[in-house]
Amino acid sequence: MKGHVFRPLWVTLGLVGLIFIARYFIVPPDFGIGERGYMYGWYRKGNEEEWKAFKIKHNTMQYCKDCHPDQSKKIKASKHAKVQCENCHGPSVDHPEKPQKLNINRDRELCLRCHAYLPYRPARYAELPTGAITLKMQEPDQHNPGIECVTCHSVHDASFK
Amino acid sequence: MNQSRREFLKTGFKTILATGFSIGVFETLRPEVLAALKKEEGLRWAFVVDTTKCIGCGMCVKACKLENEIPYDVNVTRTWVERYVMTKDGRIYADSPKGARDGFIKNDPMGVTVKKEDIDKGFFVPKLCNQCENPPCVQVCPVGATYQTADGIVLVDRTWCIGCGYCIMACPYGVRFFHPVYRVAEKCNFCYHRIKKDMKPACVDACSFGARLIGNIRDPWDSVSRIIKTERTAVLKEEFGTKPHVFYLGLDSIVR
Amino acid sequence: MEVHGEIWTLKELFVYPNEYIYWSIQIVMYPFMTGLVAGAFVLSSLYHVFGIKELKDMAKFALVFSFALLFAAPMPIVLHLQYPFRGINVFLTPHFTSAIAAFGVVFFAYGAIVASEIWFFYRKHFVEVALPLKEKRDKTLLEWIRFIIFHTLTLGAYDISEESLKKDEKAIKILAGIGIPVACFLHGYAGFIFGSVKANALWMTPLMPVIFIMSAVVSGIALCMLTYIVVMEIRKVRLRSRRRPWMVSIEEVKGVEISVIRMTAKYLLVFMIFAITLELLDLIFRGYTAVKHWDILRTVIYGRDFTQIFILQYTFGNLLPFILFLLPRLSIRRAITGLLLVLMGVFMMRWNVVIGGQAFSLTLSGYMDYILPIVPHNWETFKEGIGGALGILIMPFVLFWIFSKIFPVFSSEESH
């Protein structure tokens, strides 16, 4: 009975031991300190791979041009050269398998994202290889309100139909 | 006797050499050392946002939400675009309705129509995670569910996050939120799955105006690194000591 | 579908799109409950360490009560977590650069200290219950259960000789001594969780942990006094209904009660002065230095949150009870009023820190209003609404009732 004073301490240490045992079974083996040290790099290494394997949905024009060379050439020669197909056609994901058909957005609101006149919207557009142009902007309330832009305008060559 | 002594020395020497060599090999193969070698290789992602080129179409936000499976109609987003309008009477109008998911198609900052002649200046500022060199969000995570990779990207481990929200509180930029589906902390990661496959982040690809650029700040010949080195760039909320790695061109003092 | 926090957040002016009130009522409850734990323990230690004899009765009671509170204190955080069962990760892979992870360890250590102290305190009682049961043959089922519980509680240490009880007393003194800094550390950490968030203009101040400790002690003492009064009133009622000659008289109970309350009230006042001084210092310093974020802080403190801060917290929670306790001839009724106001004041202080800290946007040019969910329409609005908060508030009392069945909290008075 000599050391009864330390009994609560043994119970406490026993609990701590249990946590360590639980840790051994539950914590993934690749959990540890990474390149950024304990402060910024205390993590499960395998998670990096999980993020790398995340599904890509926007495959960019590079992907589209193989099957749609004509459209792609057309738009490349137009003032819309820098506009990605997927901006209006939606993410291609695994097209043509899944989805088999892309959902084209022909809304007036989509065009207005760039072409609505705002007093503070930069009007100079210098991204084309052919040199700087003025960004076409319209007052949405005055320029044929209610009609979809694609009624008169052709998007792929950025001109009238 | 002499022979055996010589033999002994020889074997001893061999043993020492072999042991030393193998220790040396193991030493070099140690993960920390390998990591240090890799570091010298030098990859540290950095972003440049040219606010003078942004026209506020919000295509980046749309692309980001679709690419990264952020429920389209929920009012949270990994990247967003802010609109700032300063009028002649000194008033500042700033807003970002739905994070500019649908762009800015009306002249209605904060729901007010401002006349062209009343405006002193106005512009758009895209925001995203700054992938800070000293990320306070990572520092405060109690369980090690968020971390920074060797190339500087801050990621969230969805299987380990307990959802306490401390990281959301600690970010001075309001970049983090709870994912509506997975219910864990969520943030922009420069589209880690894309940049690791030699693609550009979805927002960079979606931008037709060249307002968003990504590159390697450690490569002196990289175009983004050239801009950061040679042009007058600024970062957001520098006073927090977070060392952000999104560099802004044409940043104004009224930007929050 | 909604993002967590959107349902109780109202945005005004320019707020970043992802900003919501992510830390709601449960995070208000969390420092409030932790504060009660720390405060109750400090109160009990005042007797054990500094030998303040007048607090003897209160000290015993406060120790068991702080043990009951201890179990309730982490509950708000667990309820707040998006994944409550992953909470164990804090112990499995602790990231000590985070105040919450450090809190886990300190909390565990603190719990061990309180539990050990209680063990030393009531060991004699455990043995006295277990020993006759141990020797008794053919025990009934109930006796078996009772025996197993108390036998476990003795941890096999049946020696209750004068000598070993002396050792117990010494151990209690040492544990209480270690306990005071650990209790302060514990609650200091709760303050550090907020004070270290550099992104938040209202929270970030090195004074935060100290302010939290002081108000913690205030609230802990207040709650102990209040519960003490309630328990004594119940005993008085019981004494009235079944008088026995060997029992203490009602007058005697009354006398003990009022003298304990008057004594403890003095300590309450001292800690209240510390708490208020620090809080005002913080406020004055912010206004005087008036750095970048002061513009918006001022509109929140003096404008939008004026009622919560200056009326509810300072006037009703501090000034009024201060006067009530300072006036001579403190009565039980006056004490109850004052104590309830003090508890409300400390709760409002937590509220004004947690909710007030999110009342303005990181843009420093927008506001967020918190609408406390009252009628729940799903699990989320229940646990992070008034229902969850009340549940947490009731929990320590239920636990205390259970513990008082095991530990004879009031026995010494019965026998004197």
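Thresholds, definitions, all that
- Residues numbered from 1 in each chain as written.
- Chains lettered and ligands numbered in written order.
- Predicted model: local features only at pLDDT ≥ 70, side-chain atom pairs only at ≥ 80, totals over all residues.
- Heavy atoms only, no water.
- Helix = DSSP H or I, 4+ residues; strand = E, 2+ residues; numbered from the N terminus.
- Contact = heavy atoms within 4.5 Å.
- Pairing = 2+ DSSP bridges.
- Axes fitted to C-alpha atoms, helices over the stretch in contact; angles between N-to-C directions.
- Polar contact = N/O pair within 3.5 Å; in protein donor to acceptor, adjacent residues only side chain to side chain.
- Salt bridge = Lys/Arg side-chain N within 4 Å of Asp/Glu carboxyl O.
- Buried < 20%, exposed > 50% of the residue type's maximum accessible area, 1.4 Å probe, protein only.
- Buried area = accessible area lost by both parts, 1.4 Å probe.
- Nonpolar A, V, L, I, M, F, W, Y, C, P; charged D, E, K, R; others polar.

Focus: the side chain of Ser164(C)
When you line up the elements, Ser164(C) lands in helix α7 (residues 162-195). In this structure, Ser164(C) is in contact with His4(A), Arg123(C) and Asp159(C), ignoring residues within four places of it in sequence.

Re the sheet that holds strand β2 (residues 80-87) of chain B
All names here are of chain B. Read from one edge of the open sheet, three strands run β3-β2-β4, paired in antiparallel fashion. In this open sheet, the two edge strands, each paired with only one partner strand, are β3 (92-95) and β4 (119-127). With strand direction ignored, the average angle separating the axes of adjacent strands in the sheet is 15°. Relative to β3, β2 runs antiparallel, the two sharing four bridges. Looking at the pairing, Tyr84 lines up with Ala94 of β3.

What about the side chain of Thr12(A)?
Position of Thr12(A) relative to the elements: it lies in helix α1 (residues 7-26). At 2.8 Å, the side chain of Thr12(A) and the backbone oxygen of Pro8(A) are in polar contact. If we ignore the near neighbours within four places in the chain, the residues touching Thr12(A) are Phe108(C) and Ala112(C).

A closer look at the pattern of salt bridges
In this structure the tally under the stated criterion is 34 salt bridges over all chains. Lys65(A) is paired through a salt bridge with Asp66(A); the nearest N and O atoms lie 3.9 Å apart. Where Lys124(C) meets Glu128(C), a salt bridge forms, and the shortest distance between an N and an O atom there is 3.5 Å. Here the residue Lys124(C) and the residue Glu128(C) both occupy positions in helix α5 (residues 99-135), the gap between them amounting to four residues, near one helical turn. Assessed through its relative accessible area of 37%, Lys124(C) is described here as partly exposed.

Side note on unusual backbone geometry
For the bond from His95(A) to Pro96(A), the omega torsion is 10°, close enough to zero to count as cis. Along the chain, Pro96(A) turns up in the loop between α6 (85-89) and α7 (108-115). Going from Lys98(A) to Pro99(A), the amide bond is cis rather than trans, its omega being 0°. Examined against the element boundaries, Pro99(A) turns out to sit in the loop between α6 and α7. One non-glycine residue, Lys243(B), adopts positive backbone phi at about 50°.

Topic: the interface of chain A and chain B
Listed as interface residues are 44 residues of chain A and, on the opposing side, 66 residues of chain B. Summing the contributions of chain A and of chain B, the shared interface buries around 4700 Å²; its carbon and sulfur component is 59%. Residue Glu133(B) pairs with Arg36(A) through a salt bridge whose shortest N-O separation is 3.7 Å. Our enumeration of links across chain A and chain B arrives at 27 residue pairs in polar contact (both at pLDDT 80 or more). Broken down by secondary-structure element, the contributors of at least two residues to the side of chain A that touches chain B are α2 (37-40), β2 (42-44), α3 (46-52), α6 and α7 of chain A. Sorting elements by how many residues they give to the side of chain A that touches chain B places α7(A) first, with five residues. Tallied by class, the residues present in the side of chain A that touches chain B amount to 24 nonpolar, seven polar and 13 charged.

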